[in-house]
Amino acid sequence: MIFIDSKQRVFHLSTKKTSYVFRVSDTNHLLHLYYGPKLNDPIDPERVELRHMVELGNSTTYREETKPFSLNDVLLEMSTFGKGDYRDPMVHLEFEDGTRVSDFLYEDYTVTTGKPPLNELPHTHPDQDEKIETLIVRMKDAIVDVTIELFFSVFDQKDCIARSMNIMNGSKQKTIIHKAMSFNFDHFESNFEMVTLDGAWIRERHVTNRQLGYGITKIDSKKGVSSSDHNPFLVLKRKNTEEQMGECYGFALVYSGSFEATVEVNPHDMLRVLMGINSFDFKWVLSQGDNFQTPEAILTYSNEGLNRLSQNYHDLIKQNLVRGAWKGKPRPVLINNWEATYFDFNESKLLRLAKAAKKLGVELFVLDDGWFSSRDDDTTSLGDWTVNHKKLPKGLENLSRKIKKIGLDFGIWVEPEMVSIKSRLYENHPDWAIRLPNREPSFGRNQLILDLSNVSVQEYILDSLRKLFNESKISYCKWDMNRNFSDLFSGNLDMERQSELLHRYVLGLYKVLETLTKEFPHILFESCSSGGNRFDFGMLYYMPQTWTSDNSDAVERLKIQYGTSYAYPPSTMGAHVSSVPNHQVLRITPLETRYNVAAFGLLGYELDCTKLTRFERKTIKRQIDYYKTYRSLFQYGDFYRIKSPFEENVCIWMVVNSEKSEAILGYYQILSKPNPGYEKMKTLGLSENKTYNVQTRPQYINLHSFGDLASRVLPISINSKGIIFNILANNHLMNQEVESHIWTGDWLMSDGFTPMHQFTGSGYNEFVRLMGDFGSRIYHIKEIA
Ligand code: DGJ
């Protein structure tokens, strides 16, 4: 709800549990008053406004008549440069006369029901009958005819506010935008810690916690994609805030290109957060009558800890960002051939893989890189999206038909934003690649990026993919993007507009994605960028899921998925079981643990399932059955973080349905501890008034895990190095302990359930929980009548 006190010129944006309040000052600036727990009382701005009654030494006062008012000492909703506010500004413009000072003053406002769509940019929207209100506040520069609209959309039930800005040039002169952030958030004190999701390739979105000091703390990407270095997301939390308690503010940008986010603490301990398109090497020429829309940013507040903040974002992503036929729909269990074959495959190999996968219960076959043109390694062919006849002489259509006949849907990998130097496309259109006319280009994975700011390039991509999708009856598409930008230059843009290239590229990409997803609504798109190099809110608007990371090691994935969950729900995270030793870290983890981690995401298998032992086949079949039984819970349940792999030797998380009648808990141990103490599994999100049965997912252990001790756990004496033992181990499913007990909800949430005691080296029977290094369990929790 939006409440406006026109007399006092106060705007109160109110959600289920939060209030956001600002007012128009006597000088016509927008002063921020409050963001925090919901306020019911009308605000008296006189009482809450912070201002000095005398001029501070060495300060710049705004105007003689309004002394001692100084823009440097107040909390603002939008800020500019040049009138005495010395913090980093939200907006920095240059006018044709060479001046760079602007001063935007309040004009008027409108409130609309719903949400005006943001031109060409991804954005949140109301879910079905949900009532959303948007406040648009118009500000105008005191001298030049440039207007700014500030958008505030209130998602009442999600406790989220979507903010963005539109700059309109009504003057006859050109205006240059040097910086246009999506929002400005000021707070009167800075006693916060900053939490960000940082990383690198195969180490994405690790949780980083840092103290704020005086000056500016910044995360950004200059890579042209949002990148795995820092996710376009940050949290400010109080020092004592934990997962389940305490205050925190969240800020997330709905954008997939270079971004910046700064948190500034000024000498008076006031804090400013800015987030938006990276202003480094950015310059946008706004001609007369043009407007510039910034990406949307989503703000949320929680005084119930970080987990609540994450759930606000999860709900918003699931209901208000993701669109189309796959929104809220069960996602298929897939097999991907990449780690099974890399570039080395032919039709019969793929069909064998598909048949074996079908027997395991897989639903979708994904043909990864290498199926087109002369693509036998990563040095060639990107851009030529026609079949590789050497590998698939009968064509892709034929393969797709055969895969469907086996009983699997058919999906395909593409990397349409790229071009290889060795390709027909590059031969015909060298000018379509982003590179400088006078320098040798720098490569990433041997490839160049196509200039998506160019409409002809957009059309080429659309035409190639339309043909591919139609001819081969594609049900799923993995959209990859494997390099960062360099050598920025576009032959398509005037000299004065070269610094617009990265943003124009993103707009071009969004246009292509909007067109394709509209034309092929049945296709399930999964975005990917060397794993999670472009895992952001912007991509999720077009593609409802993302390949979380190229790292599929179960232990590494604990951190990656745990960190990712700060902003993104399990229904957005592609998660695969792969072979061991793992291809990224060479670690050997149990098959059950690889599954137990991947199941808390969108489950897939990425291994050669024609080479599985009988033990592995039987185990995987049971895993997939279990996943299908509880798929909606795994994919769409409310996600709770219980123990962090960044802080402890264990990781625990769980998903709970909205009725609180069913839940699944995942428990993971990194290294085993000899002779450990007792453990209790405290749960979250259940109902204190309900009673539940807690049951272990039946898991199997391979006899090899016992080594020389095998004879002790088997009824017969056997040589653990011998052939017979090997045969036995590859065939026999040895049950692990299964517990099934009734617990009350209040007990489960106050004290937790007590699993059987872990193996201590002094004996083994069905009442011993054998975890070992990298051991894990899944517990199913179901309300009983
Ligand atoms: C990078 C992706 O992240 C991988 O999953 C795989 O698709 C390769 N590209 C293929 O080149």
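Undergrad: Help me understand the sheet that holds strand 22 (residues 364–367), please; the structure alone is not making it clear to me.
TA: Sheet strands pair by backbone hydrogen bonding; their relative direction is either parallel or antiparallel. An order of 21-22-23-26-27-28-29-30 is seen for the eight strands of this closed barrel, with the pairing classed as parallel. With strand direction ignored, the average angle separating the axes of adjacent strands in the sheet is 30°. Across five bridges, the pairing between strand 29 (residues 573–578) and strand 30 (residues 602–606) is parallel. Bridge pairing in strand 30 links V577 to Y605. Docked against the sheet, helix 5 (residues 395–406) engages strand 22 and strand 23 (409–414), running at close to 140° with respect to strand 23.

Undergrad: What is the right way to look at the site of the ligand in this model?
TA: Around the ligand there are 13 residues in total, and D368, D369, R445, D480 and D550 lie nearest to it. A distance of 2.4 Å is found between an oxygen atom of the ligand and a side-chain nitrogen or oxygen belonging to D550. In isolation the ligand offers 290 Å² of accessible surface; the protein chains occlude 97% of this area. By residue class, the composition of the shell around the ligand is four nonpolar, three polar and six charged.

Undergrad: Help me out: how do you make sense of unusual backbone geometry in this one?
TA: Leaving glycine aside, a negative phi is the common case for residues, and trans is the common case for peptide bonds. The linkage connecting K67 with the following residue, P68, adopts the cis geometry, with an omega of 10°. Mapped onto the fold, P68 is located in the loop between helix 1 (45–48) and strand 5 (91–95). If you check the backbone angles, R9 has positive phi at about 55° while not being a glycine. Secondary-structure assignment places R9 in the loop between strand 1 (2–5) and strand 2 (10–14). Given a relative accessible area of 27%, R9 falls into the partly exposed group. Phi at D487 is positive, roughly 50°, even though this residue is not glycine.

Undergrad: Help me out: how do you make sense of the layout of surface pockets in this one?
TA: Over the atoms rolls a probe the size of a water molecule, and in doing so it shows where empty space is left. Approximately 750 Å³ is the volume found for the largest pocket. Along the wall of the largest pocket there are 38 residues; nearest its centre are T589, P590, I701, N702 and S705. Mapped by element, the contributors of at least two residues to the lining of the largest pocket are helix 11 (591–598), helix 12 (614–629), strand 35 (700–701) and strand 38 (776–783). Residue contributions to the lining of the largest pocket peak at four residues, all from helix 11.

Undergrad: It is not clear to me how the packing of aromatic side chains should be interpreted in this structure. Could you clarify?
TA: Two numbers describe a pair of aromatic rings. These are the distance of the centres and the angle of the planes. With the rule as written, the count across this model stands at 50 aromatic pairs. When the centroid spacing of 6.5 Å and the interplanar angle of 10° are considered together, the rings of F365 and F410 count as stacked. Taken together, the residues F365 in strand 22 and F410 in strand 23 connect sequence positions 45 residues apart. Here F365 and F410 have matching classes, each one buried. Their ring planes at 55° and their centres at 6.4 Å tell us that W743 and F753 sit as a pair that is tilted. With a gap of 10 residues between them, W743 in strand 37 (residues 740–744) and F753 in the loop between helix 16 (745–750) and strand 38 connect regions that are remote in the sequence. F753 shares its class with W743; the two are buried. Stacked on the ring of F345, the Lys or Arg K391 has its end atom at 4.6 Å from the ring centre. The positively charged end of R641 is found above the aromatic ring belonging to Y566, 4.0 Å away from the centroid.

Undergrad: Explain the environment of F725 to me, please; I cannot follow it from the model alone.
TA: Here F725 lies in helix 15 (residues 723–731). On the basis of relative accessible area, F725 is assigned to the buried category, the value being 1%. For F725 and T589, which are 136 residues apart along the polypeptide, the C-alpha to C-alpha distance reads 21 Å. Sequence-distant contacts of F725, that is, excluding residues within four places in its chain, are made with L703, H704, A710, L714, I718, N719 and S720.

Cut-offs and rules
Residues numbered from 1 in each chain as written. Predicted model: local features only at pLDDT ≥ 70, side-chain atom pairs only at ≥ 80, totals over all residues. Heavy atoms only, no water. Pairing = 2+ DSSP bridges. Helix = DSSP H or I, 4+ residues; strand = E, 2+ residues; numbered from the N terminus. Axes fitted to C-alpha atoms, helices over the stretch in contact; angles between N-to-C directions. Contact = heavy atoms within 4.5 Å. Near = heavy atom within 4 Å. Polar contact = N/O pair within 3.5 Å; in protein donor to acceptor, adjacent residues only side chain to side chain. Areas by Shrake-Rupley, 256 points an atom, 1.4 Å probe, with all protein chains shown as cover. Nonpolar A, V, L, I, M, F, W, Y, C, P; charged D, E, K, R; others polar. Buried < 20%, exposed > 50% of the residue type's maximum accessible area, 1.4 Å probe, protein only. 1 Å grid on protein atoms, 1.4 Å probe; cavity = no way out; pocket = protein on both sides within 12 Å on 5 of 7 lines; lining within 4 Å. Points joined across faces, edges and corners; volume = space filled by probe spheres on them. Phe/Tyr/Trp six-rings, centres within 6.5 Å; stacked < 30°, edge-to-face > 60°. Lys NZ or Arg CZ within 6 Å of the ring centre and 35° of its normal.

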